[in-house]
Structures are given as C-alpha cells and as structure tokens.
Amino acid sequence: MGHIHFKNKEINLMRQYKIFQFAALPVCLALFLMLFSSIYAQVASAKIKVVASLPTLGEIAKEVGGDKIDVKSLAKGYQDPHFVDGKPSFILDLNKADLLIHNGLELEIGWLPPLVTGARNSKILPNNIGNLDCSTLISNILEVPTTKIDRSMGDIHPGGNPHYWLDPRNGIAIAKGIAERLKEIDPKNASYYDERLGDFTKRLSAKIKEWDEKLAPYKGTQIVTYHKSWVYFSDWAGFNEVGYVEPKPGIPPSPSYVADLIGEIQKMNVKLVIAESFYPQKAPALIAQKAGASFLVLPSAVGGSDGINTYSDLFDVIVGEITSKLASHGKG
Amino acid sequence: MRMRLEAGHFGLYTTMPIIVTLLFGLFLSPSMYGEASGDEREDVTKEIQELRQQIEIMQKKLDELEQKNKELEDEAKKQKEEKELEKAISQPTPLPPQGSGFLKGLVQSLNPDISAIGIFSTAYFSKNPPAPQLADTDPANTGINLQEFELGFQGVVDPYFRADSFITFTLDSVEVEEAYMTTLSLPFNLQIRAGKMRSKFGRINLQHTHVQDFVDVPLPYGTFLNGELSPVGVEFNYLLPLPWYAELSASINSPEGEGPTFVRSSDANNLGLLLYTANLTNFFEISDALSAQVIGSIATGSNGTDTDNRSTVYDGTLFIKYRPLESSSYQEIKLQSEFMLRQATIAEGSFIDWGAYAYILDRFAQRWNAGFRFDFVDSNKQFPSEQSGELFPTQKEYRYSALLRFNPSEFSRIELQYDFYNPSFRSNFSSIFLQFQYAIGAHGAHPF
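Residues numbered from 1 in each chain as written. Chains lettered and ligands numbered in written order. Predicted model: local features only at pLDDT ≥ 70, side-chain atom pairs only at ≥ 80, totals over all residues.

### Quick look at the packing of helix H5 (residues 168–185) of chain A against helix H6 (residues 190–215) of chain A
Residue and element names in this part refer to chain A. At a closest axis distance of 10 Å, the pairing of H5 and H6 adopts a crossing angle of 180°. Considered as vectors, H5 and H6 are oriented roughly antiparallel to each other. Mapping the contact onto sequence places Pro168, Arg169, Gly171, Ile172, Ala175, Lys176, Ala179, Leu182 and Lys183 in H5 and Ala190, Tyr193, Asp194, Leu197, Phe200, Thr201, Leu204, Ile208 and Trp211 in H6. When the residues that make up the contact of H5 with H6 are grouped by side-chain class, the tally is twelve nonpolar, two polar and four charged. (Axes fitted to C-alpha atoms, helices over the stretch in contact; angles between N-to-C directions. Helix = DSSP H or I, 4+ residues; strand = E, 2+ residues; numbered from the N terminus. Parallel < 35°, antiparallel > 145°, perpendicular 65-115°, else oblique. Contact = placed C-beta atoms within 7 Å. Nonpolar A, V, L, I, M, F, W, Y, C, P; charged D, E, K, R; others polar.)

Here you go:
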C-alpha cells in the first residue's frame, strides 16, 4: 500500500515538473517581451500621443497641437458614429495614448468603453487627465431630458443630444478644452498650444462670420432631417426642423410613417430634406420629391467626403451646399 | 449765477496775457521797425525763411503726431481684437448640465450598470424528445423554452479594478455565469482577470448566449465544453508589443463541478490537476473594410475519471469580417469557423475526438441577417458508451442550420432557425426554433 502511495506521489511530482516545463517557456518569453516593450515605449515617446474617437475631434486636436502631437482618429468620417466596430486594433492605439478625446453623451457607448478597459492604460481611464469628454466643454447641450426617459422613445441619449460639433461655435470651445488639456499634459509647450489655439480661434471666428452672412437670408427655413443629428446646426443657422425621417431616433421609418410625414409636411413650406451619406437615401429622397423640397446628402464629420480635411472644410461644404441648394430652390 | 461768475473770471485770466502782449507790441514795434528799415528786404526774406523753417518743423511734428496717433489707434484695435479673442477662448468651462433633482440622483447613485436580458424560444422537434441537450441554454423540447434570463451588474470598483457579474436563470437552475474583476492599471501591458469567467478560449466561448449568432451552440462546443468553458480562476493577459493586436493569455482554474471534459479533481492537493489554459488572439486589419481574427487556444486539466486522467482540448479559430463602410452603413458579412480537438485518457485507454463548425452570416438589410452553419463532431475510437460514464468519445454527428434574424431595434431580436441534425447513434431529425430576445437597462457594448 505504502509503495503504491509512494509511486503515486512520484508520478505526481513528475507531472508537476512537466507542467512546470510546459509553463517555463512562455513565462520566459513573456518576461523578455515585457523588457523589450518597456524599452521600446521609452524610446518612442517623443510626441504627445492623442487618440480621438471621432475624426472631427481629431482634426480640431491637430489644429491646436500642431507638430507637438500625433493624432489618430478611430472612427471614419463617412461612418455612423453610433455604430463603429470596436476593432481590437484600436486597443493598440489606446494602449500608447497620452490623451483620449471623445465625444461623450453616450454617443460611443456601444464600442468605446471595452476598448478603453482593454487598453491597459490608466492614463486614459474616465476621470483621469488623459481622458477628455468633449461634451463637458459645451455650455449649451440641447435636448437634455427633463423627464424620465425610456427606450420607447428610441435610442435616445440621457445626457442630451450628442451631435454638438455641427455648431461651429462649439468648435472653439472644443479647441479651447483640448488646448487646456494639452497644456496640463505637456506644460513645457504651453505657449505653443496657446498660440495655435489663438490662431485657430481667429481663423474660425472669421469663417463663422462669413458663414453667418451666407446663411443670413435663409433664417427660418423649414427643414426635415433623417436623424436628430442636425439640431445644433439648425440652432446656429436659424433653421426650423419640422420633421424627421426616422419616427424615433435609431428606428428606421415604415412606409406608413413616410406617407404620414409626406402628408404633414406638404402643408408646410419645407425647402430641404437633409440626410447623412450613411443613412438610407430612398425614403428621404421620396419625401423631398413629394413635398416639393430639395434633397441634400451632406457630410456630418471631417472625412465625411473627399476634400473635407479640416473643421472649416466641413462647414464650407455644408453651408455652401445648403445655400446654393436654397438659392436654386427659390428660382426653380 | 456762480457758474457765470467763475466763467467770467476764467475768461479774464486767460485773455490778460494776450492783451498785455498786444499793448507791448503797440508801443515797441514802431521803434524796432524804424531801426531795421535799412535792411528791410533782407530781413523780410530772413523772417520768411525762419517762418518757413518753423512751419516745416511744425509740419514734421504734426506728421509725427499723426503717425503716433495712428499707431495708438492700431494698437487699441489690436487690443480690442485680442480682448474679444480672449473672451471667446476664456469662456468659463461649463459644468456638466444639471438635470432635475431625481435625474441627478439617478446619475450619481454610484450603483453599477444593471441590465436584464431574456431569451425565449419556441421549438418544434420532428422527434421528441430530441437528442440529449448539449448546452443548458439550448431549447430542450417541443414547446416554449426559457433559454436563459441574464442579470448583469457592471461597474468600476476603485481606481484599480472594475467588476462584471452576470447571473443566469433557467427554469430549474440559477448559475453565476460570470463574476470577475479586471485590473485597470497594471504595468507592462498586463491585465489580470480573477473570478468566475468565460475563459479566453476560441471565439464563441467569450460570447454570452444573447450575443451568439445561432439559437443553439455548435456541436463541438456542446460536446466538449457543455456550451462554454467558464471555470473559476485567475487569468493573466499580456498585450504583445507587435505591430498588430496580439494578446497572450494564460490562466489557472478550478473547473466548475462536472463537465464533459474537465472535472474538479478530488485530489485537491495536486496543482498539476487544476485546469490550465493558454490562448493567443491575433487581430489583423487587412483594410478598412476587411479584418481577420486568428486565435489558437489550449486547455488541459483533470477529467475526473481517475486521479491522473487528463483531458486536453485544442482550438483553432478563424474569423473574418467584411464591412464595406464606404458603400453601405449596415452591410456586413461574417465568416466564422472553429476547429476543436480533444485528447483524453480514461479508464479504457486514451482517445482523440474532434469537431468543427463554420458559418456565414450576412447582414443584407439594416435590420435583417441571414446565416448558414455546418457543424460536426467525430472520433478515432468507439467505446461502449455505458462503460465510461460522463466522459466518452463522441460518435459521428453532423448538422446543418439555416437562420433568419430580424432586429426591431438594437435591444430586441427575433430569430428563426431550422436545423437538420444527423446523430449517427439514432436517425435524422429536424427542428425549428423561433427565438425572442430582449435587453433592458444599461446599453451594453456591441462585441466585435
């Protein structure tokens, strides 16, 4: 009996030894890689690494940070910012980031949080210096619910409408917030960021004046948009949103809803139906045609279509297309 | 009255010197004139010259003043502009919008994010009872089945950890599906998960039932892992410093109770009989539209048939996703395949069995998906099944499944699935499922 017990023990020891052998190689490899990566990280940290969830925020960061920062934007400008694939490759960018700039108001809730957790980077965790929620920079968030909400109202955002970057005046506030954060992270270049912020603000303010003048004759224009993503733009441009192609945010329209909407807006003087390129075009085009309005497919972010490389480009295109459409609408 | 008096006073004082000068001039000038009358012309010319010079000096001074004035104006303008700019820049950073009282209370309650997910399915089997249920969550009989009801509690614990807990209910059991903490700020790209969790092993193993694309689990998952590998353990995850996403994971676990492959060993003092897993997940972004995931995993541990009897399961996964964003916002094609091989020692000897599944899922409209799956299991030996109890080699089985899914919104799903199942130990049968799903509470993240 004792002999068998001893044998069992020996076998167990041998098994443990084998498992140790099995584990030793990966452990050594891992230790080596850790050493390598820490050296690599120290060598490669020359510029402030900024990751922006949305390209529009990334472009504003570039304006402020200039050549002192490296900016990587995760989502594409031509993509619906609600439904971005949280690709694991984004984790690599977030892992090395000094600053994560995101839109907030739960716009990225479907894809960003697990990436931030997976990034193993305490700098960019929420409420840390390397995590900038740009919605906290905006003074007038629209459509903040004041009563209890539920999802029978569609996919609505408890903190308010998140599409605030479509008011160019908010671009100044965002740039200022980014500059402040960059100064905190990289104080030795503070004057550089200040200078660039001043320059950007000056250029953008001049542009806003220009766009204001262009849009001034069309104040009060009645429009219909696909999603509730243009409320900040309308607020600035003085447009009056009288309907939405979606019956509720995130819910695609049924044929009967489209028919009802057409009937409703035929009684009004709707001049424009606007949809982003990533939404289906059939329903809004039909609504525009039946209601005697013009249909416009517009970009809503930097990179939204070819040639939109800066924040100003975005509004140059939006304001340009809208005003030329409205001008020709009057004649036609 | 007093005002006028003062004004008069003032007038007298200022005009006095002028009057005095004029009087002096009257008395003195003729005599001076008389003296100078000889060089009259010269003097006049001289005087004119002097005057001209004076005028020139005055002009110069005037120019200087004008110049200075202009400079000052410019500076004032610039200062004004700067002030405006400063005002624009230095608008106080607004506080986050304040909700009304009860909303504020809800936001700042420090409660974890809570979600509840219910999965029901009506099922029809052409033969009833059907083959043994492979996973607890698979529909069991013809009729209406509660597949799973899941409660989730998720939140950040402190600056160092976050915690995710999921409790699942079926009609006759309650199970802690997952309850684990994740480190948030370890150095060297390390991340540790500890608790009960779905192991990093293959791809489907990390997906909760409500995220899995088909109503029932694939045959190899059902046969080898009873649907999932979710032991209690500690898992070390290391992000490799490579140009692509590569995560190396290793874990030490105690398997949960009785499983078809791994069983909690009674020889509790033997570390070698615990369940060990290792996993390498690679992700390649081939283009903006096309990406691929390649995973290799291994799990080894006691199978409970005897003190030293082990099972080892290997898994190779390939997942390809095509999402042409520039041409369509919703269109998406997923190709997913896993191959699993199990090697086990039992009382009768050792055997090897294996299985695989492969499916394609096409999101052909904004709210619609269609899919097709093929899965099978097979083995190299046949044992009389009554001898080896819980663990015995798989016999040849295969299955075809077709699927049509409708998502009314992100938070609900209706899925119709047809299975043609061929288990070699009994005759073919078909089944039809109609699954309903809802999700309420915190907005979960969409898995990649």
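After that view of the structure, there is still more to cover.
### Concerning the environment of Glu228 of chain B
Residue and element names in this part refer to chain B. Tracing the backbone through its elements, the reader meets Glu228 in the loop between helix H4 (219–225) and strand E6 (232–239). For Glu228, a count of 26 C-beta atoms within 10 Å gives the class buried. For the pair Glu228 and Asp136, spaced 92 residues apart in sequence, the C-alpha separation works out to 9.8 Å. Ignoring any residue separated from it by four or fewer positions in sequence, one finds Glu228 in contact with Arg198 and Asn205. (Buried ≥ 20, exposed ≤ 12 C-beta atoms within 10 Å, placed from the backbone.)

### With respect to the sheet that holds strand E3 (residues 99–102) of chain A
Residue and element names in this part refer to chain A. Read from one edge to the other, the open sheet built from four strands follows the order E2-E1-E3-E4, with strand pairing classed as parallel. The strands lining the two open edges of the sheet, one partner per strand, are strand E2 (69–73) and strand E4 (131–133). Across the sheet, the mean angle separating the axes of adjacent strands is 20° when strand polarity is ignored. Here three bridges tie strand E1 (residues 48–52) to E3, and the two strands are oriented parallel to one another. Counterpart to Ala52 in the pairing with E3 is Ile101. (Pairing = 2+ DSSP bridges.)

### Considering the confidence of the model for chain A
Confidence in the prediction of chain A, expressed as mean pLDDT, is 89, and 88% of residues score 70 or more. Here helix H1 (residues 2–43) of chain A is the element of chain A with the lowest mean pLDDT, 62, and E3 of chain A is the one with the highest, 97. (pLDDT = per-residue confidence, 0-100.)

### Considerations on the domain arrangement of chain A
Residue and element names in this part refer to chain A. What the domain assignment lists for chain A is domain 1 (48–210) and domain 2 (215–331). One C-alpha centre belongs to domain 1, the other to domain 2, and the line joining them spans 25 Å. Taken together, the contacts link 28 residues of domain 1 with 26 residues of domain 2. Counting only elements with at least two residues in the side of domain 1 that touches domain 2, the list comes to helix H2 (55–65), H5 and H6. (Domains from an automatic or database assignment.)

### Regarding the confidence of the model for chain B
All names here are of chain B. For chain B, the mean per-residue pLDDT works out to 83, and 81% of the residues sit at or above 70. Considering only residues more than four positions removed or in separate chains, one finds that residues 1–12, a stretch of pLDDT under 50, has zero contacts. Segment residues 26–36: pLDDT under 50, and one contact once partners within four positions in sequence are set aside and those in other chains are kept. Scoring of the predicted complex yields 0.80 for pTM and 0.83 for ipTM.

### What about the sheet that holds strand E5 (residues 222–225) of chain A?
Residues and elements named next belong to chain A. Spatially, E6-E5-E7-E8 is the arrangement adopted by the four strands of the open sheet, whose pairing is parallel. With partners counted over all chains shown, the strands left at the sheet margins are strand E6 (240–244) and strand E8 (294–298), one partner each. Sheet twist, expressed as the mean angle between neighbouring strand axes with direction ignored, is 30°. With five bridges joining them, strand E7 (residues 270–276) and E8 adopt parallel strand pairing. Within E8, the position partnered with Val273 by the bridge is Phe295. Sitting on the sheet, helix H8 (residues 255–266) touches E5, E6 and E7, and the angle it makes with E6 is about 150°. The sheet contacts of helix H9 (residues 282–291) involve E5, E7 and E8, and relative to E7 the element is tilted by about 175°.

### Topic: the pairing of strand E15 (residues 412–423) of chain B
Residue and element names in this part refer to chain B. Here eleven bridges tie strand E14 (residues 397–409) to E15, and the two strands are oriented antiparallel to one another. Counted as the bridge partner of Tyr398 is Asn422 from E15. A loop of two residues connects E14 with E15, the two strands running antiparallel in sequence. Where E15 lies against strand E16 (residues 429–441), ten bridges are found, and the strand directions are antiparallel. By the bridge assignment for E16, Tyr421 is matched with Phe429.

### Let's talk about H6 of chain A
Over its 26 residues, H6 of chain A runs 36 Å from end to end, which matches the ideal 38 Å to within 8%, given 1.5 Å per residue. By the burial criterion, the buried members of H6 of chain A are Tyr193, Arg196, Leu197, Phe200, Thr201, Leu204 and Trp211 of chain A. (Expected span 1.5 Å × (residues − 1).)

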